[in-house]
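If you want the building blocks of each chain, they are given just below.
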Amino acid sequence: MEGVAPAASLFRPRASARSPVLLAADSGAARRRPGADGRSAVRKHGSTGVAPRRSGITRVPKLGPAVSTKRAGRRKDPLINLEVSHHRAVAAVRLLRIEKGKAFVDLLNEKANDSGDNEMGYVERTLGFSTRYLEDRDIRLVTVIVAGTVRWKRYLDYLIMSLCSEEKVFREMEPLLLQILRIGFFEILKLDVPAYATVDENVRLAKVALRPGAGNMVNAILRKLLLLKEKNSLPLPKIEGDDRAQARALSIIYSHPVWMVRRWIRFHGKDEALRLMNWNNSDPRFSLRVNTSKGYTRADLVKRLESLQVHYEESVMDEFVRIREGMQAVLQAGLLKDGMCAVQDESAGKLYSYFLITKPCLVVSVVDPQPGDTIIDCCAAPGGKTLFMASRLSRQGKIRALDVNKGRLRILMDAAKQHNLDDMITDIHADLQLYAKETTAKYDKVLLDAPCSGLGVLSKRADLRWNRQFEDLEELMCLQDELLDSASTLVKPGGILIYSTCSIDPEENEKRITTFVQRHPEFAIQSVRGYVPTEFVTDEGFYSSNPIKHSMDGAFAARLVRSMH
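Treat the numbers as computed from the prediction; the structure is a model and nothing was measured.

## Let's talk about the UniProt feature "active site" (unreviewed entry) in the protein chain
Then comes step 1: The feature "active site" (unreviewed entry), as annotated in UniProt, sits at C502 in this numbering.
Then comes step 2: By the element assignment, C502 lies in the loop between strand 15 (491–501) and helix 21 (510–519).
Then comes step 3: Under the relative-accessibility criterion, C502 is labelled buried at 2%.

Shown next as structure tokens:
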């Protein structure tokens, strides 16, 4: 995903958007399309018995070798509709799938994975037509619009409902129409998109994908929004009343769940809670970690970025550089595929292998892998911290990568091979609690990067805020305690246990360590001072990164040493 909103020029409609053309193919295949009266009509492509609604009906042109024909459940030549905005149609369908829990916000766009193909398949099955194959420019627009629309969903929905004739209209609105309105509102309020293009293209999409009446509704509501925006009179709630009422208003204005707002105000105070929500709503920055195990240096990576004209800044960590935009250029140049670098966060070490989410990298500094160490990563897959630790062992030592998910372990081992580290890593497909009961193995260092709420990475995980409930925290804390107890049995006398999360919640972090040490007096807290820069060391000796203080994802880590007896 790009780190900045695209320029307005990217949103200018193409010439074809002004000259509607339907490209048909595959004679004998029946497809649905809007009829003149707005109702669905079925036409057999290639049939002479039904006159086309507009001229320009022809066969789909060959798309070239870059476009795979392995489209599950689709005809070889789909019906392509050039009348609608391609990226908006794909964005609307992706938003529908996210709402149903069947898609991630990030658009996986490495062509080798046929992800673009799959995306077109979803569009065709949902809308009854397809768009042309997504180009890199379109992919960028889809990811920007989808991530932004998901982030601002609560805010957008409040405004949409306010501008409907009555609340019932909003409550009963069909899902696709709501997604189209959300896209339009997001473009008008949060992106520098020409107003005429936003209204025109979203109205056309609603008419073609649904019916003329839906387009008329989109037109009326978007124009009403434009008028209110020009007058600076958007109908937003006032921040007044008791704490609960103020939290509700802030949750709408900053588009976060009420329970998160109340919790952050409780732990951090109102001002820092507001800064945190602003951070979560901003375009994320990504860090690239150079693959030193293949002999590359940061200077090598910087030279490549400069040749690609990708702007960067160097990190406090020697292996990292940060970028806000230019991810498409990095991907297309093959820097990830060739193993020169990985997209990985510096704080928790989360690895974005475009864009599969795994976890560390300052956390790895807390582990402090040394040549000759035996290390087990207890929740390893798909392997960000595992690979980084292995790269620091100077080919001396062993790492066991344990995870309950076999498929994600396979991804880890594939990445290890790509980074020339597979001879140092052994995968263990097992449940940690069962493995700890059955094994007699003991390790110098045990890393438990525990399942957590992810409240420190909400800027990159746009949908996570809506997928977490307050009740989840209680369940997660119980699980974290159980996993800590199991992981502790794997530590050698005198060995080290490292507990980490990508959360900023003290009850998932400091409190879990406090209660663990009370249960296990054989472990003592060891300060992380000397392992990470001083600004990340808390008074209690823990590692903590905060988005507001450090301009990076939030994460936590504790180092615990086991007594010799």
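## What about the pairing of strand 13 (residues 425–429)?
A regular strand carries its side chains on alternate faces of the sheet.
Then comes step 1: Here five bridges tie strand 12 (residues 398–403) to strand 13, and the two strands are oriented parallel to one another. Opposite L402, over in strand 13, you have I428 as the bridge partner.
Then comes step 2: Running through helix 17 (residues 406–418), the crossover from strand 12 to the neighbouring parallel element strand 13 is right-handed.

## Details of the side chain of T515
Then comes step 1: Topologically, T515 is positioned in helix 21.
Then comes step 2: Side-chain polar atoms of T515 contact the backbone oxygen of R512, separated by 3.1 Å.

## Side note on the pattern of salt bridges
Then comes step 1: In total, this model carries 21 salt bridges according to the counting rule given.
Then comes step 2: In this structure, a network of salt bridges that share partners links the residues E99, K153, D157 and R182.

## Some thoughts on helix 13 (residues 298–307)
Then comes step 1: If you check which residues of helix 13 are buried, you get R298, L301, V302 and L305. Buried residues in helix 13, looked at end-on, bunch into an arc of 100 degrees, giving them a common side. Turned more than 90 degrees away from the buried face of helix 13 sit A299, K303 and S307, all of them exposed.
Then comes step 2: Just past helix 13, the residue Q309 takes up positive phi, approximately 60 degrees.

## Notes on the pairing of strand 18 (residues 555–562)
Then comes step 1: Where burial is concerned, most of strand 18 is hidden: six out of the eight residues are buried.
Then comes step 2: With six bridges connecting them, strand 15 and strand 18 associate as antiparallel partners. Within the sheet, the bridge partner assigned to L497 lies in strand 18 and is L560.
Then comes step 3: Sheet topology places strand 16 (residues 523–526) next to strand 18; four bridges connect them, and they run antiparallel. Looking across to strand 18, one finds that F523 is bridged to R562.

## Section: the packing of helix 5 (residues 153–163) against helix 7 (residues 175–190)
Then comes step 1: It is the contact of helix 5 with helix 7, at a shortest axis distance of 10 Å, that shows an interaxial angle of 105 degrees. Our classification of the angle between helix 5 and helix 7 gives roughly perpendicular. When helix 5 is examined against helix 7, the residues K153, Y155, L156, D157, L159, I160 and L163 are found in contact with a partner set consisting of L178, L181, R182, F185, F186, L189 and K190.
Then comes step 2: For the contact of helix 5 with helix 7, the residue count by class is ten nonpolar, no polar and four charged.

## Quick notes on the packing of helix 2 (residues 86–99) against helix 8 (residues 195–209)
Then comes step 1: Between helix 2 and helix 8, the least distance of the axes is 10 Å, while the angle of their chain directions is 60 degrees. Compared by their axis directions, helix 2 and helix 8 come out oblique. Between helix 2 and helix 8 the crossing geometry is right-handed. Contacts between helix 2 and helix 8 involve R88, A89 and A92 from the first element and A197, T198, E201, N202 and L205 from the second.
Then comes step 2: Across the contact of helix 2 with helix 8, the residue classes tally to four nonpolar, two polar and two charged.

Quick notes on the rules
Residues numbered from 1 in each chain as written. Predicted model: local features only at pLDDT ≥ 70, side-chain atom pairs only at ≥ 80, totals over all residues. Heavy atoms only, no water. UniProt positions renumbered as here; feature names shortened; annotations may be inferred. Helix = DSSP H or I, 4+ residues; strand = E, 2+ residues; numbered from the N terminus. Buried < 20%, exposed > 50% of the residue type's maximum accessible area, 1.4 Å probe, protein only. Pairing = 2+ DSSP bridges. Right-handed = clockwise from strand over helix to strand, strands pointing away. Polar contact = N/O pair within 3.5 Å; in protein donor to acceptor, adjacent residues only side chain to side chain. Salt bridge = Lys/Arg side-chain N within 4 Å of Asp/Glu carboxyl O. Arc of directions from axis to C-beta. Axes fitted to C-alpha atoms, helices over the stretch in contact; angles between N-to-C directions. Parallel < 35°, antiparallel > 145°, perpendicular 65-115°, else oblique. Contact = heavy atoms within 4.5 Å. Nonpolar A, V, L, I, M, F, W, Y, C, P; charged D, E, K, R; others polar. Left-handed = near helix turned anticlockwise from the far one by under 90°.

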